[in-house]
Amino acid sequence: MSAATSAPLLAVRDLAVSFHTPYGVVRAVDGVGFDLAPGEFMGLVGESGSGKTVTCRAMLGLLPNGRGRVDGGTALFEGVDLLRMDDEGLRRVRGRRIGMVFQNPTSHLDPVMSIGEQIGEVVRLHHGLAAGAARVRAVELLRGVRMPDPETRIDSYAHQLSGGMRQRAMIAMALAGGPALLVADEPTTALDVTVQAQILRLLLDLRDSQGLAIVLVTHDLGIVLETCNTVAVMYAGRIVERGPAATVLAAPRHPYTIGLLGSRPGAFPRRERLAAIPGQPPGPGALPTGCAFAPRCGHAEARCAAAAPTLRAVGDGRWVACVREGWS
Amino acid sequence: MNVPLLEVENLVVHFPLPRGVGDMAAGRPRRVVRAVNGVSLAVRRGEALGIVGESGCGKSTLGRAMLHLVPATSGHVRLDGRVVAGLDREGLTGLRRRAQIVFQDPHASLDPRQTVRRALAEVLTLHRLCPRDAMGRTVDRLLERVGLSAALGDRRPGSLSGGQCQRVGIARALALNPDILVADECVSALDVSIQAQILNLLLDLQAETGMAIVFISHDLGVVRHLCHRVAIMYLGRLVEEGPAEVVLRDPRHPYTRALIASIPGLGHGPKTAVQGEPSSPIDLPAGCAFHRRCAEAMEVCRGGAPPARQGNAEHGTWCHLPRAGGTTPIAQETGLR
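Below: a short report on this structure. (Residues numbered from 1 in each chain as written. Chains lettered and ligands numbered in written order. Predicted model: local features only at pLDDT ≥ 70, side-chain atom pairs only at ≥ 80, totals over all residues. Heavy atoms only, no water.)

## Brief notes about the overall build of chain A
No. 1: Across its full length, chain A holds ten helices and twelve strands.
No. 2: Here chain A has a C-alpha radius of gyration of 20 Å; the compact-globule value for 328 residues is 20 Å, and the two agree.
No. 3: Expressed as lengths along the three principal axes of its C-alpha atoms, the size of chain A is roughly 65 × 50 × 45 Å.
No. 4: Each of the 328 residues in chain A was classed as buried or not, and the buried ones make up 54%.
No. 5: Long-range contacts, defined here as pairs at least 24 residues apart, represent 62% of the contacts in chain A between residues at least 6 apart.
No. 6: In the form shown here, chain A has an accessible surface area of approximately 13800 Å², with 54% of it arising from carbon and sulfur atoms. (Helix = DSSP H or I, 4+ residues; strand = E, 2+ residues; numbered from the N terminus. Rg over C-alpha atoms; globule rule 2.2 N^0.38 Å. Buried < 20%, exposed > 50% of the residue type's maximum accessible area, 1.4 Å probe, protein only. Contact = heavy atoms within 4.5 Å. Areas by Shrake-Rupley, 256 points an atom, 1.4 Å probe, with all protein chains shown as cover.)

## Focus on the pattern of salt bridges
No. 1: Scanning the model with the defined rule gives 42 salt bridges over all chains in all.
No. 2: When the shortest N-O distance is used, the salt bridge between Asp71(A) and Arg27(A) registers 3.1 Å. Of the two residues, Asp71(A) sits in strand β4 (residues 68-77) while Arg27(A) sits in strand β2 (residues 24-36), which places them 44 residues apart along the sequence.
No. 3: A relative accessible area of 31% means that Asp71(A) is categorised as partly exposed.
No. 4: Judged by its relative accessible area of 34%, Arg27(A) falls in the partly exposed class.
No. 5: Note that Arg273(A) is salt-bridged to Asp204(B), the shortest N-O span being 2.8 Å. Highlighted residues: Arg273(A) in the loop between α10 (255-262) and β11 (312-315) and Asp204(B) in helix α7 (residues 192-209), drawn from two different chains.
No. 6: For Asp204(B), a relative accessible area of 29% puts it in the partly exposed group. (Salt bridge = Lys/Arg side-chain N within 4 Å of Asp/Glu carboxyl O.)

## Remarks on helix α5 (residues 135-145) of chain B
All names here are of chain B.
No. 1: Listing the buried residues of α5 in full gives Met-135, Val-139, Leu-142, Leu-143 and Arg-145. Seen along its axis, α5 keeps its buried residues to an arc of 160°; they face one direction. The outward face of α5, more than 90 degrees from its buried face, is lined by the exposed residues Arg-137 and Glu-144.
No. 2: Buried residues belonging to α5 abut α4 (116-126), α6 (162-174) and α7. (Arc of directions from axis to C-beta.)

## Description of the packing of α6(B) against α7(B)
The axes of two packed helices give the description: the angle between them and the distance between them.
All names here are of chain B.
No. 1: One can describe the packing of α6 onto α7 by two numbers: an axis separation of 10 Å at closest approach and a directional angle of 15°. Taken together, the axes of α6 and α7 are roughly parallel relative to one another. When you trace α6 past α7, the crossing you get is right-handed. Along its contact with α6, which presents Gly-163, Gln-166, Arg-167, Ile-170 and Leu-174, the element α7 presents Ile-194, Gln-197, Ile-198, Leu-201, Leu-202 and Leu-205. (Axes fitted to C-alpha atoms, helices over the stretch in contact; angles between N-to-C directions. Parallel < 35°, antiparallel > 145°, perpendicular 65-115°, else oblique. Left-handed = near helix turned anticlockwise from the far one by under 90°.)

## Remarks on the sheet that holds strand β1 (residues 10-21) of chain A
All names here are of chain A.
No. 1: Taken in spatial order, the four strands of this open sheet run β2-β1-β4-β5, and their pairing is antiparallel. Both outer strands of the open sheet, β2 and β5 (80-81), are each paired with one neighbouring strand and no more.
No. 2: With nine bridges joining them, β1 and β2 adopt antiparallel strand pairing. Looking at the pairing, His-20 lines up with Val-25 of β2.
No. 3: Contacting β1, β2 and β4, helix α1 (residues 52-59) crosses the sheet at an angle of about 110° to β1. (Pairing = 2+ DSSP bridges.)

## Some words on the interface of chain A and chain B
No. 1: Between chain A and chain B, the residue contacts involve 46 residues of the former and 46 residues of the latter.
No. 2: Approximately 3700 Å² of surface area, both sides summed, lies buried where chain A meets chain B, with 52% of it carried by carbon and sulfur atoms.
No. 3: Three residues, Glu226(A), Arg270(A) and Arg271(A), lead the burial of chain A against chain B; their summed loss comes to 22% of the area buried on that side.
No. 4: Where chain A meets chain B, there are two salt bridges.
No. 5: Where Glu245(B) meets Arg270(A), a salt bridge forms, and the shortest distance between an N and an O atom there is 3.6 Å.
No. 6: Between the two partners, chain A and chain B, sit 24 residue pairs in polar contact (both at pLDDT 80 or more).
No. 7: Its residues placed into classes, the side of chain A that touches chain B shows 21 nonpolar, 14 polar and eleven charged. (Buried area = accessible area lost by both parts, 1.4 Å probe. Polar contact = N/O pair within 3.5 Å; in protein donor to acceptor, adjacent residues only side chain to side chain. Nonpolar A, V, L, I, M, F, W, Y, C, P; charged D, E, K, R; others polar.)

## Focus on the sheet that holds strand β11 (residues 310-311) of chain B
Residue and element names in this part refer to chain B.
No. 1: If you walk across this open sheet you meet the eight strands as β6-β7-β8-β3-β9-β10-β12-β11, and the pairing is mixed. Two strands lie at the open edges of the sheet, namely β6 (99-102) and β11, each paired on one side alone.
No. 2: Pairing of strand β3 (residues 48-52) with strand β9 (residues 229-234), which is carried by four bridges, proceeds in the parallel orientation. Along β9, the bridge assignment pairs Val-52 with Ile-232.
No. 3: Across the sheet, α6 lies against β6 and β7 (180-184), angled at about 175° from β6, the strand it touches most.
No. 4: Relative to strand β8 (residues 212-217), α7 is tilted by about 160°, and along the sheet it contacts β3, β7 and β8.

Keep in mind these numbers describe shape, not what the thing actually does.
If you want it as structure tokens, here you go:
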């Protein structure tokens, strides 16, 4: 299967999201767009506040009530625009066709329901299984995510499980509806590195065995390199570069992507200064006009301040939002 | 032989848990968190020593015990060959002046009501290091050394970013011109680009002052970059120590090998290098603490005393069958660079 020829499972265009804060309306995501093919594993990378989580939550209709608002754009999933769906329709899609996994499983698992009851609830709601059959299915799902000793663990409560087991339980719940897309928001950030490797392996195996498409939100480029087919790098609410993960990370073209890679200690001889990006990301209410990265960029020119550059195709399935592209 | 700057010998730190009514009625003994369980380690002058391990392995407790911020249950901590425990108030102040710590959460480790300037001046006043009329200039100079503008001195932590707060934390430690700085996961809460800035700052400051750094971290990649030597911990014990480059290229302990294989970004795909998760430090297994997760565990690993140190003076490992690692992903050096 080639990702380039099959119709996208998810097509996001011009997504714009703003938040109402005590300091006024703040644009958190602006002009975000990407395609995701069935079975594609995409990394959505960026630092805190870059809009990667907000992008996912907006697509899924999970923005905080009354504060976050989708200002425009479309998110076509299996031919239906998620952004124009009513609550009932969204709930149905979220339980069945799109699964979600979050960073902190503890706050997304019900503390007074056993793991089995929670998975069983999803199975009963969306597949109409009876209680007995739902329990059998729940054990199957837990085995599928390599929960140790699933027949016993099914009766455990979240607090009785380790961090890794909780994340497995969450993934099992996300898979209960038989989704085509899994949105995983920093699923391993709270886990130890050896357990992180186990969970990432599991996600890759699920992609391979079930043809699951995955959007993985992460701040770790190493994780992207090892798991993702494609990557989209976000900065200050916009995608600044996207394309095949291996080529983007081997030869980044946007100065921000170059800077992020340069900040990784592995790239330098030991105890040598890292090529850190100077300064810090702009606060959400204080975006400069033009390219938001320009104040930290070593290549910034006068025209960078004029207008925010849009993503341009630069060949090989790669897209870059920088005025220097097309001139080089 | 030279006396090491700071030396820890057979250090044990246990935290007894409160005993519930049910436990008493059932006659169950008091449970104890065995955070550090007999660690011996030396910090040499001017070096950067990394202490690496997963959550709950006791690395932070070890760092705090080094500075006598938590009392040792048994064992010794020596600074310049002199035992730290039992110091009087004056002795402790002297210790604090020479050994400082920077914490993980940059906001929580600063007083939210104090301006940056006052926080720094307080340390200098407390240790009588700076006459009042020179205070303004000294604080400005401190801010400059950690890369902050003097104007920032009048702000409170709430209006600073995480990276800026961490710089203030480092300035506060630096104010005393310490011989040793314990940095406890001090870049873990920061974004990658800010993390790189702070690592650069630590490298610069170490070159400038010659202070020793004990860098406590779960991130082997960062430790590899910054540290001359590394000590790997698992459930309260050291499993391996040695020069960072040697340990990472030729790890002898199965746990070290698993940790290295789990670093993302070496281009070998996520490997399930080791099954399961660490046991609780309340309920330690007999024998080698790692045997429940170790694919190579033998009968001798499962009972009796924990393994003794093997290897040479520079590179040691606590394993019954230490093996040459040979080709770790780091030895092959592929992937993200």
